[in-house]
Amino acid sequence: MAVSNVPQSSRAVVKVQTGTNASGNPVYRLCNFRNLKVDAIDADVHAAAQGLGSLQTYPVATIARINEGNLISA
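The structure displayed is predicted, hence computed values, not measured ones. Along each chain, residue indices are assigned from 1 in the same order as the chain's sequence is written. Owing to the predicted nature of the model, reporting of local features is limited to residues with pLDDT of at least 70; listing and counting of side-chain atom pairs is limited to 80 or more, with chain, interface and lining totals taken over all residues. Based on all heavy atoms of the structure, the side-chain values leave hydrogens and waters out of the count.

Draft legend 1. Here's a closer look at the pattern of salt bridges. By salt bridge we mean one thing: a side-chain nitrogen of Lys or Arg within 4 Å of a carboxyl oxygen of Asp or Glu. Under the counting rule described, the total for this entry stands at one salt bridge. With its nearest N and O atoms 2.7 Å apart, the salt bridge here joins Asp42 to Arg65. With a gap of 23 residues between them, Asp42 in helix H1 (residues 42-54) and Arg65 in strand S3 (residues 60-73) connect regions that are remote in the sequence. Of the residues examined, Asp42 reaches a relative accessible area of 53% and is grouped as exposed. Runs of E in the DSSP output that reach at least two residues are strands. Runs of H or I that reach at least four are helices, and both are numbered from the N terminus. Categorising residues by exposure relies on relative accessible area from a 1.4 Å probe, with only protein chains included: less than 20% of the type maximum marks a residue as buried, more than 50% marks it as exposed, and the intermediate range marks it as partly exposed.

Draft legend 2. Main features of the side chain of Ser10. For Ser10, the position within the fold is in strand S1 (residues 3-20). The class for Ser10 is buried, based on a relative accessible area of 4%. In protein, a polar contact requires one atom able to donate a hydrogen and another able to accept it; more generally it is a pair of N or O atoms within 3.5 Å, and residues adjacent in sequence count only if both atoms are side-chain atoms. A distance of 2.9 Å separates the side chain of Ser10 from the side chain of Arg65, its partner in a polar contact. A polar contact is formed between the side chain of Ser10 and the side chain of Asn67, at a distance of 2.7 Å.

Draft legend 3. Structural context of the pairing of strand S2 (residues 26-33). Strand pairing requires that DSSP identify at least two bridges connecting the strands. Inspection of the sheet shows S1 paired to S2 by eight bridges, in the antiparallel sense. The partner of Val13 across the bridge, within S2, is Asn32.

Draft legend 4. Focus on unusual backbone geometry. Unusually for a residue other than glycine, Asn35 sits at a positive phi of about 65°. Among the secondary structure elements, Asn35 is positioned in the loop between S2 and H1. You can call Asn35 exposed: its relative accessible area is 75%.

Draft legend 5. The environment of Gln8, seen in detail. Looking at where Gln8 falls in the secondary structure, it is placed in strand S1. When its relative accessible area of 46% is taken as the criterion, Gln8 is described as partly exposed. In this structure, the C-alpha to C-alpha distance between Gln8 and Asn67, residues 59 residues apart in sequence, is 7.7 Å. Separated by 3.3 Å, the side chain of Gln8 and the backbone oxygen of Val6 make a polar contact.

Draft legend 6. Geometry of the sheet that holds S2. Strands sit in the order S2-S1-S3 across an open sheet of three strands; the sheet is antiparallel. The sheet terminates laterally at S2 and S3, the two strands that pair on one side only. Each adjacent strand pair in this sheet contributes to an overall mean axis angle of 30°, direction not counted. Of the strands in this sheet, S1, S2 and S3 touch H1, which is tilted by about 140° from S3. In this analysis, axes come from line fits to C-alpha atoms, helices being fitted only over the stretch in contact, and the angle between any two N-to-C directions falls in the range 0 to 180 degrees. Note on contacts: a residue pair is in contact if any heavy atoms of the two residues lie within 4.5 Å.

Now the structure itself:
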C-alpha cells in the first residue's frame, strides 16, 4: 500500500541565546514564524529567518523548519 504526504503547514523556528544561567549554561528562547508557504525553498526560508533573526536583540543559535502534513494511503 502506497502512502503519500500531503503538506498542510510549515513554520520557521529561530532559536536565540538570551543569556546564561547560574551554572554558565546558555539559555535559549524560540521565535516561531508561522504560515510559510509549504512549497517554499529551504534556502529562501533560511535566508528570511536569518534576516528576521538579525533584527532580534539576541544572537541566533539555530534556524529550523518544521513541516506538517497528512499521510494518505493511495
